[in-house]
Amino acid sequence: MKGRQVRLREAHKSGSPALCSAVWAPGGQHVVTASAADTAVLIHDAAALLAGGRGSGVAPLSTMRLHKEGVTALAVAPGPGGSLASGSIDHSVKFYTFPEGEFQSNVARFTLPIRSLSFNKKGTLLAAAGDDDGIKLIATIDNTIAKVLKGHKGSVTGLAFDPRNDYLASVDSFGTVVYWDLCIGGEARTLTRVAPTFRSDNSVRNVLCWSPDGHTLAVPGLRNNVVLYDRDTGEEVSTLKGDHEQPVCSLCWSPNGRYLATAGLDMQVLIWDVKSRQDIERQKFDEKICSLAWKPDGNSLLLIDVRGRFGIWESVIPSTMKSPTEGIPDLNSTRAPLFDDDDDDDYGKPRTSCGLEDDIDESLCDSTPFSHKRLKRKSTFDGDSEDEDLIHQLELSKRMKDKHKDKKEDAGKARGDSASSGRLVTAKMQAAFQPGSTPPQPGMRNFLAYNMLGSITTVENEGHSHVEVDFHDTGRGPRVPSMTDYFGFTMAALNESGSVFANPCKGDKSMSTLMYRPFGSWAGNSEWSMRFEGEEVKAVALGAGWVAAVTSLNFLRIFTEGGLQIHILSVSGPVVTTAGHGDQLAIVSHASDCLPSGDQVLDVKVFNISERAQSLSGRLLLTPSSQLSWFGFSDNGQLSSYDSKGILRVFSSQFGGSWLPVFSSVKARKSEDESHWVVGLDANNIFCIVCKYPQSYPEVMPKPVLTLLELSFPIASSDLGANSLENEFMMRKLHLSQIQNKMDEMAALGLDTTAYDDEAFNMEAGLDRCILRLISSCCSGDKLIRATELAKLLTLEKSMKGALTLVTRLKLPMLQEKFSSILEERMLNDKKIAGAVGICSNATITRNMPVLTPHTTLPSKFGQNGKKIDSSLPILNPGNQESSLIEPKKPDGEQARGIIGSDLKGSPAFTSLAKVRKNSETKRDRNGASNATIGDKNKGGMDQIVAEKMSTEHCNQTEPQRPFNPFAKSSSGKEQSPSLLDSIKKMNVGTEKVEKPNSKVKV
């Protein structure tokens, strides 16, 4: 239905669109208007406006021109005859009598323009905010600032007190909504970027409005709609989606809360039946309507456009429907205070209520007019009045932190206990999200998926969307054709084979759709889609030959790349997100409702699709009071998570399965307004996009810059001042553990682990080098016990000898004695193990010659490369009676495996013993490489001393007085494998390349 066209009249002249304001007086007899292009505040007679026509010269009752610049905000205190407040670009807030319009006082001055004003239900508090940092709560009785609420980073453009006096809601120019708990004077919850952003358009602003019963908060949505949020949980309750073609910029409730009026940038005003979620009336105007106000006790709507023209829409709701004034909520009932101050000891003291103004000035009921001057006189002559109590209470609140700590603790406990009663319900369960996606913005592109391979973007245009797939490596192959999306896809996943898309249900008649598009196929029609009736897709993932979707019925549906449905499983709770890597599919779901503290309780399961097995099931750990922000696999298949507090964790099999924190965004950022939006990670680095507040995610254009940051444990500040060394030590241990676990898994499956042997050995050598540097720091810092503990962790024998040389040169006899005993014990154990291996392998014993001289050589062995290896081996020291077994020289790398493996592969005793003995001499002394472990002369100082000692030992390998190294390098001139020194030098070069801080790459 379409009613009679509303006639607008000019109130404020404006050469260009400007933000204008219009409000009703509490009794409905007057209206007040203002404009950012005019310094005047006008009070009009509503009856005269309704009697006059378009363009008629009905003069305003009062005109106040006290501001030096344009007026951007208006508010009228509840009750007939209340005060009028105005805020301006000139940074001031002023009070006037109403409806006379006489100036009363300057309330407060800001350093930047005012954008929004709001009185509470009783008129005892005025909230004022704008471009300044913080929302000021002003006690109207004496114009003092009772509290400053800080939390918004952008300009606060909308304020609204909860009719039940529990909350103040605010919204900023970036679309973030904050619930402020008036009981504690702080944030209760934050809804990030739920409202549209109008950027450079100063003629409109973000607004919000509480329903008259206080149960629901109405906020303009991101899809040209209005979203209704619950008062206690902040959870989305309902959505009003109609014919607005552009974002909503103003809204207001009818007196009974049954109807809602909205104005959009499309110059339309729609009237909604909230219960049926249908628009029942509409009007089209020549300009944008920037302010709406429903008559407090009538069926009329006040509106004003960006040109300063205003009017009253009469009979908004048709007579055939329920009147907007029928069934107005009764809010006279008050809640029980959290603070209980009825003790006899507190008799005569000022009563401290639970809120800043709750249960004060009971004489100011809804039927009593609010007068600013009357309150001042009353507080002067009536010393026992509750207004005087308010003055004392405001003074007391400034000293409350120091004098009432016990009461604060009791209040905190009460707030925790009140969750069950509905006063403060815990945080809502995190909604499902897709890793690498960004929220939609009207008229702008957003990411459906962004990973290490590429990105999928979408933009809405005239009822459908345009989807594009781009790869970071433009030379990967032909460009993937763009797609016109008629389904409204909101989630996607991408891998080397193809992309999958899904959309939720849009209404009762629409169905959720899952679509897969391969990038290349031998068949012509390889694209497929699935429709779901009675359920909707919540998250999607891709892997090696499979597609997965988790639905609202907690079903995990797995398809082949060709679209064959192969598995349907049930997951344990509502899904949060999914990720795929090769054969692995990881699913995060809710294990239960949130804890009383607001923490999420999440479970993670990892499935092996090809083997139809579950490889992991456990709790996903998050930082307290955080949510999951990103989830996926690293390049080498390591399960990883990143939460909203900026902590990146990887899953490790250590300690029976643990989540290890390997990155902290707070420690890595250069300024407080930086945040990191994770894209992926490898063994050493995290790939992310650095965002500056208020942006918490990247925009499609301009193209995001990918930043590489080194993984780093959150190391505590060490008394040695060697945090970087300790972090390197822990990271190398983690990498070595991962390599060894991979080798164990492959060995258990009967697979060849040859490819990982050199990598494991190089990692052991690097770990030893790091430990030696830490030992040097401990010696310098007189931490001898710690140095001894580190020495026990050395893997290579020559590294242990290098540590012994180090403490000898430093003249630390106690450490020298400790290190010597460790070395002797290790050599003895190695000989015992070597003897056990020799006894178990008869073939090896029979091939050894019974008597060897310094000139005697073993027969030449052939490595896998077909080249001869000289096996010269000097005789042991004759004085050493324990050495009864002569061990042949073990060549390095593949050659050592060719010699030892050919003789001992079939021996069960040798195989089991090799598993136990991970640090065998084959690894410890291969290549004579222990020289290289500490031969890095670039380190200088103590490391150079160790290097010189190692060089001396290397040149005198045949000296009989020194401990014999059976794996020393041969003096033969024949071609030999590269030494460990060369490999470590290469490793150092590679490490230096990796360690370049914050390398940035355009992707």
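Thresholds, definitions, all that
- Residues numbered from 1 in each chain as written.
- Predicted model: local features only at pLDDT ≥ 70, side-chain atom pairs only at ≥ 80, totals over all residues.
- Heavy atoms only, no water.
- Helix = DSSP H or I, 4+ residues; strand = E, 2+ residues; numbered from the N terminus.
- Buried < 20%, exposed > 50% of the residue type's maximum accessible area, 1.4 Å probe, protein only.
- Contact = heavy atoms within 4.5 Å.
- Areas by Shrake-Rupley, 256 points an atom, 1.4 Å probe, with all protein chains shown as cover.
- Pairing = 2+ DSSP bridges.
- Axes fitted to C-alpha atoms, helices over the stretch in contact; angles between N-to-C directions.
- Parallel < 35°, antiparallel > 145°, perpendicular 65-115°, else oblique.
- Left-handed = near helix turned anticlockwise from the far one by under 90°.
- Nonpolar A, V, L, I, M, F, W, Y, C, P; charged D, E, K, R; others polar.
- UniProt positions renumbered as here; feature names shortened; annotations may be inferred.
- Polar contact = N/O pair within 3.5 Å; in protein donor to acceptor, adjacent residues only side chain to side chain.
- Expected span 1.5 Å × (residues − 1).
- Salt bridge = Lys/Arg side-chain N within 4 Å of Asp/Glu carboxyl O.
- Core = buried A, V, L, I, M, F, W, Y, C linked by side-chain atoms within 4.5 Å.
- pLDDT = per-residue confidence, 0-100.
- Disulfide = S-S within 2.5 Å.
- Phe/Tyr/Trp six-rings, centres within 6.5 Å; stacked < 30°, edge-to-face > 60°.

K.L.:
I would appreciate a short explanation of the overall build of the chain in the present structure.
P.N.:
Secondary structure summary: the chain contains 18 helices and 54 strands in total. Out of the 1003 residues in the chain, the part that is buried amounts to 52%. The contacts of the chain with a sequence gap of at least 6 include a subset with a gap of at least 24, amounting to 52%. As presented, the chain carries roughly 45,700 Å² of accessible surface, and 50% of it is formed by carbon and sulfur atoms.

K.L.:
Could you clarify how one ought to interpret the sheet that holds strand β14 (residues 156-161) in this entry?
P.N.:
Across a sheet, paired strands are connected by hydrogen bonds in the backbone, their directions being either parallel or antiparallel. Read from one edge of the open sheet, four strands run β14-β15-β16-β17, paired in antiparallel fashion. Each end of this open sheet is capped by a strand with a single partner; those strands are β14 and β17 (186-191). Within this sheet the neighbouring strands show an average axis-to-axis angle of 20°, counted without direction. Alignment of strand β16 (residues 177-181) against β17, held across five bridges, turns out to be antiparallel. Note on β17: the bridge partner recorded for W180 is E187.

K.L.:
What's the story with the sheet that holds strand β22 (residues 248-253) in this structure? I'm lost.
P.N.:
Strand order in the open sheet made by the four strands is β22-β23-β24-β25, with antiparallel pairing throughout. With partners counted over all chains shown, the strands left at the sheet margins are β22 and β25 (278-284), one partner each. Adjacent strand axes in the sheet meet at a mean angle of 20°, parallel and antiparallel pairs treated alike.

K.L.:
Could you clarify how one ought to interpret the packing of helix α7 (residues 723-748) against helix α8 (residues 754-780) in this entry?
P.N.:
The axes of two packed helices give the description: the angle between them and the distance between them. At a closest axis distance of 9 Å, the pairing of α7 and α8 adopts a crossing angle of 155°. In terms of their interaxial angle, α7 and α8 are classed as roughly antiparallel. Two packed elements cross with a definite hand, and for α7 against α8 that hand is left-handed. Within the contact of α7 with α8, the residues separate by chemical class into 13 nonpolar, four polar and ten charged.

K.L.:
Explanation requested: the UniProt feature "repeat: WD" (unreviewed entry) in the chain in the structure shown.
P.N.:
Those residues carrying the UniProt feature "repeat: WD" (unreviewed entry) are residues 149-182 and 241-282 in this numbering. Segment residues 149-182 splits into 0% helix and 53% strand. End C-alpha atoms: 10 Å apart.

K.L.:
Can you walk me through the side chain of D485 in this structure?
P.N.:
If you trace the backbone, D485 turns up in strand β32 (residues 483-485). Reaching out from D485, the side chain makes a polar contact with the backbone nitrogen of F487 at a distance of 2.8 Å. Polar contacts involving the side chain of D485 include one to the main-chain amide nitrogen of F489, which spans 2.7 Å. When neighbours within four sequence positions are excluded, D485 is seen to be in contact with H464, S465 and V467.

K.L.:
Before we go on, may I ask you to explain the pairing of strand β38 (residues 546-551) in this structure?
P.N.:
For a regular strand, side chains alternate in direction, first toward one face of the sheet and then toward the other. With six of six residues buried, β38 is to be regarded as a mostly interior element. Where burial is concerned, the two faces of β38 agree: the one with W546, A548 and V550 and the one with V547, A549 and T551 are both buried. Examined bridge by bridge, strand β37 (residues 537-542) and β38 share five bridges and lie antiparallel to one another. Within β38, the position partnered with A539 by the bridge is V550. Here β37 folds back onto β38, and the loop between the two strands holds three residues, one of which, G545, carries a positive phi near 90°. Bridge analysis of β38 against strand β39 (residues 555-560) gives five bridges, and the strand direction is antiparallel. Opposite V547, over in β39, you have F559 as the bridge partner. With antiparallel pairing between neighbouring strands as the criterion, β38 and β39 make up a hairpin whose turn holds three residues, including N554 at a positive phi of roughly 60°.

K.L.:
What am I meant to see in helix α10 (residues 797-809) here?
P.N.:
Spacing of three or four residues puts side chains on the same side of an α-helix, whose turn is 3.6 residues. In this model α10 runs 19 Å from its N-terminal to its C-terminal C-alpha over 13 residues, within 8% of the 18 Å that 1.5 Å per residue would give. Of all 13 residues in α10, eleven are buried, a share of seventy percent or more. Turning to α10, its buried residues number three or more, namely E797, K798, S799, M800, K801, G802, A803, L804, T805, L806 and V807. Phi turns positive, to about 60°, at K811, one or two residues after α10.

K.L.:
Would you mind showing me how to read unusual backbone geometry here?
P.N.:
Residues apart from glycine generally show negative phi values, whereas peptide bonds are mostly found in trans. A cis amide bond, omega 10°, links F98 with the succeeding residue P99. The residue P99 is located in the loop between β8 (92-96) and β9 (103-109) in this model. Cis geometry marks the peptide bond from M701 to P702, where omega comes out at 0°. In this structure, H91 is a non-glycine residue whose phi angle is positive, near 80°. Relative to the helices and strands, H91 resides in the loop between β7 (84-88) and β8. Unlike most non-glycine residues, K811 shows phi in positive territory, near 60°. By the secondary structure assignment, K811 is in the loop between α10 and α11 (813-840). Given the relative accessible area of 72%, K811 is considered exposed.

K.L.:
So what exactly am I meant to see when it comes to the pattern of salt bridges here?
P.N.:
Any two side chains of opposite charge can pair, given that their charged atoms come close. Going through the model one piece at a time under the given rule, you end up with 25 salt bridges. A salt bridge links D279 to R282; the nearest nitrogen and oxygen atoms lie 2.3 Å apart. Here R732 makes a salt bridge to E728, at a shortest N to O gap of 3.1 Å. Of this pair, R732 and E728 both sit in helix α7, separated by four residues, roughly a single helical turn. In this pair, the class of R732 matches that of E728, namely buried.

K.L.:
Help me understand the nonpolar core in this model?
P.N.:
Across soluble globular proteins, nonpolar side chains have a tendency to be buried as a group. Counting 31 residues, the largest nonpolar core has I771, L774, I775, L794, M800 and F819 as its most contacted members. Per element, the largest residue contribution to this core is ten residues, and it comes from α8. Those residues in contact with I771, other than ones at most four positions away along the chain, are F729, L790, L793 and L794.

K.L.:
Hey, could you run me through the pairing of strand β10 (residues 114-119) in this one?
P.N.:
With five of its six residues buried, β10 lies for the most part within the structure. Hairpin remark: β10 followed by strand β11 (residues 125-130), antiparallel, with five residues in the connecting loop; positive phi at G123, about 80°.

K.L.:
I tried to follow the environment of V547 on my own but got confused; where do I start?
P.N.:
The residue V547 is located in strand β38 in this model. According to the relative accessible area criterion, V547 is buried, its value standing at 0%. Sequence-wise, V547 and S499 are 48 residues apart; in three dimensions their C-alpha atoms are separated by 9.2 Å. Apart from residues lying up to four places away in sequence, V547 is in contact with V500, Y516, W528, A541, L542, R557, I558, F559 and T560.

K.L.:
Honestly, the packing of α8 against α10 in this entry has me stumped. Any pointers?
P.N.:
It is the contact of α8 with α10, at a shortest axis distance of 11 Å, that shows an interaxial angle of 20°. When the interaxial angle is binned, α8 and α10 end up roughly parallel. When you trace α8 past α10, the crossing you get is right-handed. Here D768, L772, I775, S776 and C779 of α8 come into contact with α10, specifically with S799, A803, L806 and V807.

K.L.:
Any chance you could explain α8 here in plain terms?
P.N.:
Taking 1.5 Å of rise per residue, 27 residues should cover 39 Å, and α8 covers 40 Å from first to last C-alpha, within 8% of that figure. Positive phi appears at D782, one or two residues downstream of α8, with a value of about 60°.

K.L.:
Please clarify how the confidence of the model for the chain should be interpreted in this entry.
P.N.:
Model confidence for the chain is summarised by a mean pLDDT of 77, while 72% of its residues fall at 70 or above. Of the regions scoring below 50 in pLDDT, residues 333-426 engages in 140 contacts with residues more than four places distant in sequence or in other chains.

K.L.:
Could you clarify how one ought to interpret the state of the cysteines in this entry?
P.N.:
Each disulfide is one covalent bond, formed between the sulfur atoms of two cysteines. Counted according to the given criterion, the structure contains zero disulfides. A disulfide-free cysteine, C778 has its sulfur positioned 6.9 Å from the sulfur of C779, the nearest such atom.

K.L.:
Looking at this model, I keep getting lost on the environment of S300. Mind explaining?
P.N.:
By the secondary structure assignment, S300 is in strand β27 (residues 300-305). It is 4.5 Å that separates the C-alpha atoms of S300 and E314, two residues lying 14 residues apart in sequence.

K.L.:
How should I be thinking about the packing of aromatic side chains in this particular structure?
P.N.:
Each aromatic ring pair is described using two quantities: the centre-to-centre distance and the angle formed by the ring planes. According to the stated counting rule, one finds 13 aromatic pairs in the structure shown. A ring pair is formed by Y179 and W210, whose centres lie 5.8 Å apart and whose planes are at 80°; its orientation type is edge-to-face. You can see Y179 sitting in strand β16 and its partner W210 sitting in strand β18 (residues 209-210), a full 31 residues away along the chain. A centroid spacing of 5.8 Å and a plane angle of 75° characterise the contact between Y450 and W677, whose relative ring orientation is edge-to-face. Placement of the pair is Y450 in strand β29 (residues 446-450) and W677 in strand β49 (residues 674-681), with a sequence separation of 227 residues. A relative accessible area of 4% means that Y450 is categorised as buried.

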